[in-house]
Amino acid sequence: MCGIFCEFSNKNDSNSECSDCQILEKLKINLNRRGPNKIHEENIDDIKFYGTVLHHQGLEPTIQPVVTENFVLLFNGDLFMDLQLDGQSDTDYLKSLLEEVKDENSLKKIFESLRGPYSLILYHKKWKKLYFARDPMGRNSLIIGKINDKVIISSICCYDLADFCMEVPPIGLFSVNLAENGDFSVFPWYETTSHEFYQEQIDVFNTKLKQNLTVFDEKKIILPWLECLEVENFTLNDFLDFPSAENVPESIEKNCKNFLKALSKSVQERVTLTTENCKKCYNQNTICSHCRIGILFSGGLDCSILAILADKHVPKSQPIDLFNVAFEKIRKNSSQSINWDVPDRLTAKETLKELREIRPERLWNLVEVNVTREELNFELKTHLRDIISPSKNILDESLGAALWFAARGKGILDENPYESTCRVLLVGSGADELFGGYSRHRNAFKRAENPEISLENELNLDWIRLPNRNLARDDRVISDNSATPRAPYLQEDVIQFVRSLKASQRCNLKLEGGVGDKMFLRLCAQSLGLRRCCFFKKRALQFGSRIADSRQKGDAVSSFFQE
């Protein structure tokens, strides 16, 4: 995981100067927060490359940018591919693949093989072509913008650049030909004509970059893991006696086991492929027993499943931090004491009791992160609006700030001040979109003439929009704390399994909220020994933490982006 940045002119004007060097210095400072373990800069063919590294895989961090005879590489990601690295990093592995590239077809083959979250920038020195991409699920942030004749591609943006930048659409491998006219093209991951949302992203790209992007749909990159699997036939619509786990049909039990096997492997990769030292002890030679793995924890269904599975793969000698964030409620009478028992705090405490009951040998640290309105407003104005940009609406502000404070890990543990040493944070991203956890899924089911088709369409739309709505922003705010967010529900095998299920196999919206939504996942939680969180209704983070008021319009532009 790292912060990556490059700057170039696509108008053959190598002498044009940066329009605002202070902005670029601000970008570098914030990139350093993402990757404090190694920082390096190169200027090659009038392109500025800047890389910062948060070391996870390999015995030593790989300095970025990686420069060889043929190419320059900036790689921000984690490859989870059962690699036998023998002390090397996953960046070194990717470098070895790229050294064998002969043409663009062989380059495309490499991207067909990659599994894991990433964003990258790749410059081929002989071809004079610059490539850049976010992985097919858009799990990591990458932003592109244009200022005068300068093009900037970066892991992060800042408030001053928000109007000139956009998140790179995770639709394929982009390239710009610097030897000729500087035009952009893309080898797509998907058929861009398969959904109107893909074309909308292309239109925004063309507008922001003042381009006419060439899309090579006939030469798209093949992703084998997108093909549907054959799963054991079952339906949840006929299973109406949940929560009686004793009467679960055998076909459902088999599918739950298959899903949990894939999810457990995903969790294992994400908690084991990191250094053996925590954030505090990184530069020490001895292996520490401090906490290295944390979970963003509301006490709800998705994160509680991750906690149980993480317990299988994290050494018992290490605690697991559970980060729960609460915000001061807006009060008319400032003399009143602050009540930090927001809805998500109460469910977290309830589920913590259950975790300690069924996994008593583990030290579970519930880190209570309490944020006053004064501190929230200060951080938004001085720092967070930079990290959240180019997103700028109230919902982005609320969710981004909540995740940033939680990931910072400063709070109260057992009534004492505590600062976490975690380098990896597990997040439940994708579970609601995959299993029908939102109220809009229930509305689509209830209001349509053909409920199942309507629900399938709504789930598919949510899946397509997930990278743009959540993932890049979440990566920026969490990584800003020198910790890597990892999303086990968004692992390729997990996604392939779930996306092979029909809507009626993921949820049963004939049943009430807290039961029928994400019903398959609730049954999986029961099989793991969880009982209480199985019946918690979905609660949005911005309301569960009380950072937002339900009367606010989430799509309105935040006042912090109007100054």
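Refer to the structure above for everything that follows.
Residues numbered from 1 in each chain as written. Predicted model: local features only at pLDDT ≥ 70, side-chain atom pairs only at ≥ 80, totals over all residues. Heavy atoms only, no water.

Chemist: Sorry if this is basic, but what is going on with the overall build of the protein here?
Modeler: In terms of helices and strands, the protein carries 16 helices and 20 strands. For the protein, the C-alpha radius of gyration of 23 Å lies close to 24 Å, the compact-globule estimate for 563 residues. Along the first, second and third principal axes, the C-alpha set of the protein runs to 70 × 55 × 50 Å. Counting over 563 residues, the protein shows a buried share of 60%. Contacts in the protein between residues far apart in sequence, at least 24 positions, make up 74% of those at least 6 positions apart. A total of about 23200 Å² of accessible surface is found on the protein, and carbon and sulfur atoms cover 46% of it. Between the mean site of the 73 positive side-chain charges and the mean site of the 81 negative ones, the protein shows a separation of 3 Å. (Helix = DSSP H or I, 4+ residues; strand = E, 2+ residues; numbered from the N terminus. Rg over C-alpha atoms; globule rule 2.2 N^0.38 Å. Buried < 20%, exposed > 50% of the residue type's maximum accessible area, 1.4 Å probe, protein only. Contact = heavy atoms within 4.5 Å. Areas by Shrake-Rupley, 256 points an atom, 1.4 Å probe, with all protein chains shown as cover. Lys, Arg positive; Asp, Glu negative; His and termini not counted. Charge placed at Lys NZ, Arg CZ, Asp CG, Glu CD.)

Chemist: Is there a simple way to explain the layout of surface pockets in this structure?
Modeler: Within this model, the second largest pocket holds a volume of roughly 670 Å³. Lining of the second largest pocket is provided by 30 residues; of these, H56, G58, L59, T274 and T275 occupy positions nearest its centre. In terms of residue class, the lining of the second largest pocket is built from ten nonpolar, 15 polar and five charged. (1 Å grid on protein atoms, 1.4 Å probe; cavity = no way out; pocket = protein on both sides within 12 Å on 5 of 7 lines; lining within 4 Å. Points joined across faces, edges and corners; volume = space filled by probe spheres on them. Nonpolar A, V, L, I, M, F, W, Y, C, P; charged D, E, K, R; others polar.)

Chemist: Please clarify how empty space enclosed by the protein should be interpreted in this entry.
Modeler: The probe, sized like a water molecule, is rolled over the atoms to show the empty space still left. As enumerated under the stated definition, the model contains five cavities of 30 Å³ or more in all. Residue lining of the second largest cavity: F71, L98, V101, L107, L122, H124 and W127, and that is the complete set. Looking at the lining of the second largest cavity residue by residue, the class counts come to six nonpolar, one polar and no charged.

Chemist: Can you walk me through the pattern of salt bridges in this structure?
Modeler: Oppositely charged side chains can pair when the atoms bearing their charge come close. Applying the stated rule across the entire model yields 40 salt bridges. As a salt-bridge pair, K538 and D432 come within 2.8 Å of each other at their nearest N and O atoms. A residue pair is termed long-range when its members are at least 10 positions apart, and K538 in the loop between α15 (519–527) and α16 (541–544) and D432 in helix α10 (residues 431–435) qualify at 106 residues. Given the relative accessible area of 34%, K538 is considered partly exposed. (Salt bridge = Lys/Arg side-chain N within 4 Å of Asp/Glu carboxyl O.)

Chemist: Explain the pairing of strand β14 (residues 293–296) to me, please; I cannot follow it from the model alone.
Modeler: Consecutive residues of a regular strand have side chains that alternate between opposite faces of the sheet. Going residue by residue along β14, you find I293 and I295 tucked away on one face and G294 and L296 tucked away on the opposite face as well. With three bridges joining them, β14 and strand β19 (residues 424–426) adopt parallel strand pairing. The partner of G294 across the bridge, within β19, is L425. Here three bridges tie β14 to strand β15 (residues 320–327), and the two strands are oriented parallel to one another. Its bridge partner being in β15, I295 is matched across the sheet by L322. Chirality of the crossover, the property in question, places the unit of β14, helix α6 (residues 301–313) and β15 among those that are right-handed. (Pairing = 2+ DSSP bridges. Right-handed = clockwise from strand over helix to strand, strands pointing away.)

Chemist: Would you mind going over the packing of aromatic side chains with me for this structure?
Modeler: Between two aromatic rings, the relevant description is the distance of the centres plus the angle of the planes. All told, the structure shown has 19 aromatic pairs when counted by the stated rule. Relative to Y131, the ring of W127 lies with its centre 6.4 Å away and its plane at 70°, an arrangement referred to as edge-to-face. For Y131, a relative accessible area of 1% gives the class buried. Measuring from ring centre to ring centre gives 5.7 Å for F184 and F205, while their planes differ by 75°; the resulting arrangement is edge-to-face. In this pair, F184 is assigned in strand β12 (residues 184–188) and F205 in helix α4 (residues 196–209), connecting sequence segments 21 residues apart. Pair check on accessibility: F184 and F205 agree, each one buried. (Phe/Tyr/Trp six-rings, centres within 6.5 Å; stacked < 30°, edge-to-face > 60°.)

Chemist: Looking at this model, I keep getting lost on the sheet that holds β12. Mind explaining?
Modeler: The pairing of strands in a sheet comes from backbone hydrogen bonds and takes either a parallel or an antiparallel form. A sheet is described by the order of its strands in space; here seven strands give the open sequence β4-β5-β6-β7-β11-β12-β13, paired in mixed fashion. In this open sheet, the two strands that pair with only one neighbour each are β4 (66–67) and β13 (214–215). For strand β7 (residues 129–134) and strand β11 (residues 172–177), the ladder comprises four bridges, and the chain directions are antiparallel. Residue Y131 lies in a different strand from β11, and its bridge partner there is S175. On top of the sheet, helix α2 (residues 90–98) reaches β4, β5 (71–77) and β6 (118–124); it is set at about 145° to β5, its chief contact. (Axes fitted to C-alpha atoms, helices over the stretch in contact; angles between N-to-C directions.)

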